[in-house]
Amino acid sequence: MGTATDADGTPITALHRYGTTWHQTRPLRNAGITTVEAFADLAAQHENNPAASALADVPDLGPARIAMLIAALRDWNAHLTA
């Protein structure tokens, strides 16, 4: 599920500074989503159509965890533009 550009992006663990833990990001890493940028693309798709979201298919990544990770992503984005 990860992308070829994952190696060039910000490690998904950067979201740990915004309220997530290693345990909470593990389903993303296990699914090959290893950068914040790759997750941001999937999160945008999820917000547009949760029922058809690739995130909905990630094992151990339920709706509450997806919402929490997206909130951390928003905080990360806000930090970049501050």
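This text follows the structure it describes.
In this text the structure is predicted, and so the values were computed from the model without any measurement.

Engineer: Account for helix α2 (residues 36–48), naming residues and giving values.
Structural biologist: What sets the pattern is the α-helix's 3.6 residues per turn: residues three or four places apart point alike. Between the first and last C-alpha of α2 there are 18 Å, a value that for 13 residues agrees with the 18 Å anticipated at 1.5 Å per step. Contacts made by the buried residues of α2 are with α1 (22–30) and α3 (63–81).

Engineer: Outline the pattern of salt bridges, listing residues and values.
Structural biologist: Inspection of the entire model under this criterion finds 1 salt bridge. Salt-bridge contacts for Glu47 lead to Arg74; the nearest nitrogen and oxygen are separated by 2.2 Å. Here Glu47, found in helix α2, pairs with Arg74, found in helix α3; they are 27 residues apart in sequence, far enough to count as distant.

Engineer: Give me the lowdown on the side chain of Thr35, citing residues and values where you can.
Structural biologist: Relative to the assigned elements, Thr35 resides in the loop between α1 and α2. Of note is the side chain of Thr35, whose polar atom sits 3.0 Å from the backbone nitrogen of Ala38.

Quick notes on the rules
- Residues numbered from 1 in each chain as written.
- Predicted model: local features only at pLDDT ≥ 70, side-chain atom pairs only at ≥ 80, totals over all residues.
- Heavy atoms only, no water.
- Helix = DSSP H or I, 4+ residues; strand = E, 2+ residues; numbered from the N terminus.
- Expected span 1.5 Å × (residues − 1).
- Contact = heavy atoms within 4.5 Å.
- Salt bridge = Lys/Arg side-chain N within 4 Å of Asp/Glu carboxyl O.
- Polar contact = N/O pair within 3.5 Å; in protein donor to acceptor, adjacent residues only side chain to side chain.

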